[in-house]
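As a plain string of letters, each chain reads:
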Amino acid sequence: MVVLSAPSMFEQAFLPFIGEMGCQGLCDPIDQCVKHCVSSAVSQCFPGQNVDARYDYELLPSRKPKFLAQTAAHASGAAFYYQKSDVSDQPWGTKKIFGVCVHPSFGGWFAIRALLVFGDVTVGSEMVQPVPSDCVPSRDGRIQLLEAFNFHWQDWSYRNIVQPVQTYSQKQRDYFSTPPAQRSDLLKSWGFLPEESDPDTTSDKWIQKNGHG
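These numbers were taken from a predicted model, which means no experiment stands behind them.

Caption draft 1: Layout of the nonpolar core. Core analysis: the biggest nonpolar cluster contains 26 residues, and Met9, Phe14, Ile30, Val38, Tyr175, Phe176 and Leu187 have the highest contact counts within it. Mapped by element, the contributors of at least two residues to this core are α1 (9-21), α2 (29-45), β2 (51-55), β5 (111-118), α5 (170-177) and α6 (183-189). Residue contributions to this core peak at seven residues, all from α1. Judged by nonpolar contacts, the second largest core, of 16 residues, contains Ile97, Val100, Val102 and Tyr158.

Caption draft 2: Region of interest: helix α3 (residues 69-76). Among all positions in α3, only Ala69, Ala72 and Ala73 are buried. Along α3, the residues classed as buried sweep out an arc of 100° about the axis, all on the same side. If you follow the buried residues of α3, they end up packed against β1 (2-5), β4 (100-102) and β5. Phi for Gly77, located one or two positions after α3, is positive at around 85°.

Caption draft 3: Quick look at the sheet that holds β2. Taken in spatial order, the three strands line up as β1-β5-β2 in an open sheet, and their pairing is antiparallel. Of all the strands in the sheet, the pair left with one neighbour each is β1 and β2. Across the sheet, the mean angle separating the axes of adjacent strands is 25° when strand polarity is ignored. As paired strands, β1 and β5 are joined by four bridges and run antiparallel to one another. Its bridge partner lying in β5, Ser5 is registered against Ala111.

Caption draft 4: Local environment of the pattern of salt bridges. Tallied over the entire structure, the rule returns four salt bridges. The salt bridge partner of Lys66 is Glu58, with a shortest N-O separation of 3.8 Å.

Caption draft 5: Representation of the pairing of β5. Counting buried residues along β5, six of its eight residues qualify, which places the element largely inside the surrounding structure. In this structure, β2 lies alongside β5, joined through five bridges in antiparallel fashion. From the neighbouring strand, Asp52 faces β5, where its bridge partner is Val117.

Caption draft 6: Local environment of the packing of aromatic side chains. In total, this model carries 14 aromatic pairs according to the counting rule given. Connected via pairs of aromatic rings, a cluster forms that spans Phe10, Phe14, Trp109, Trp156, Tyr168, Tyr175, Phe176 and Trp190. The residue whose ring lies beneath Arg159 is Trp109, and the NZ or CZ to ring-centre distance is 5.5 Å. The ring of Trp190 has Lys171 lying over it, and the distance from NZ or CZ to the ring centre is 4.9 Å.

Caption draft 7: Representation of a nonpolar patch on the surface within the structure. A cluster of nonpolar side chains, contributed by Val121, Val123 and Met127, occupies part of the molecular surface with about 310 Å² of accessible area. By the secondary structure assignment, Met127 is in the loop between β5 and α4 (139-151).

Caption draft 8: Region of interest: the environment of Tyr158. Locating Tyr158 in the fold gives a position in the loop between α4 and α5. Residue classification places Tyr158 among the buried positions, given a relative accessible area of 8%. The spatial distance from the C-alpha of Tyr158 to the C-alpha of Gln144 is 7.9 Å, given a sequence separation of 14 residues. Apart from residues no more than four positions distant in its own chain, Tyr158 is found in contact with Val100, Leu145, Ala148, Phe149 and Trp153. Polar contacts involving the side chain of Tyr158 include one to the side chain of Arg159, which spans 3.2 Å.

Reading guide: rules and limits
Residues numbered from 1 in each chain as written. Predicted model: local features only at pLDDT ≥ 70, side-chain atom pairs only at ≥ 80, totals over all residues. Heavy atoms only, no water. Core = buried A, V, L, I, M, F, W, Y, C linked by side-chain atoms within 4.5 Å. Buried < 20%, exposed > 50% of the residue type's maximum accessible area, 1.4 Å probe, protein only. Helix = DSSP H or I, 4+ residues; strand = E, 2+ residues; numbered from the N terminus. Arc of directions from axis to C-beta. Contact = heavy atoms within 4.5 Å. Pairing = 2+ DSSP bridges. Axes fitted to C-alpha atoms, helices over the stretch in contact; angles between N-to-C directions. Salt bridge = Lys/Arg side-chain N within 4 Å of Asp/Glu carboxyl O. Phe/Tyr/Trp six-rings, centres within 6.5 Å; stacked < 30°, edge-to-face > 60°. Lys NZ or Arg CZ within 6 Å of the ring centre and 35° of its normal. Patch = residues over 30% accessible without salt bridge, like charges linked within 9 Å, V, L, I, M, F, W, Y side chains within 5 Å. Areas by Shrake-Rupley, 256 points an atom, 1.4 Å probe, with all protein chains shown as cover. Polar contact = N/O pair within 3.5 Å; in protein donor to acceptor, adjacent residues only side chain to side chain.

Rendered as structure tokens:
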């Protein structure tokens, strides 16, 4: 099971979490919030079951991710993972082009947060893999999407490749546009962290996190 966060997660889960719990230790506060919410939901919804929760920020000893988030989202049917190979007669030659997931309702205004693996669950041949919604079917649309994501991701435009039902609030955009090392100061200015709360901004997690959610 793939866990996504919708745009409303920021105001409905993250800010209340920070207001109540603060930022504990060196971990990125978004990661802390996600782990808290997912762990609580698993305990409530699947008591006694063997559920292995793997988070998008977790790495193996080899420094590879514990799971390929965008591939998992596509395989689960949650979002379509558009890649260079999905463009016929692609115009980029040998240039490296990174792929991106698009959700049929949220466009690019969402994030893939976790993968839940149910260790004691088996499925039979009747289990059918869901097919993700191809919401950017045209070649021109896919080129527009991939170029916006790879070359202009800071302007958020790739997220609007389909008409979304909800987008990030201005406060959420301000948070993710702020360099990670400065986000604690932003949270303090909003009144969500006490002045003495000062996560170690030399932490790899705090400094190296991607700027967008």
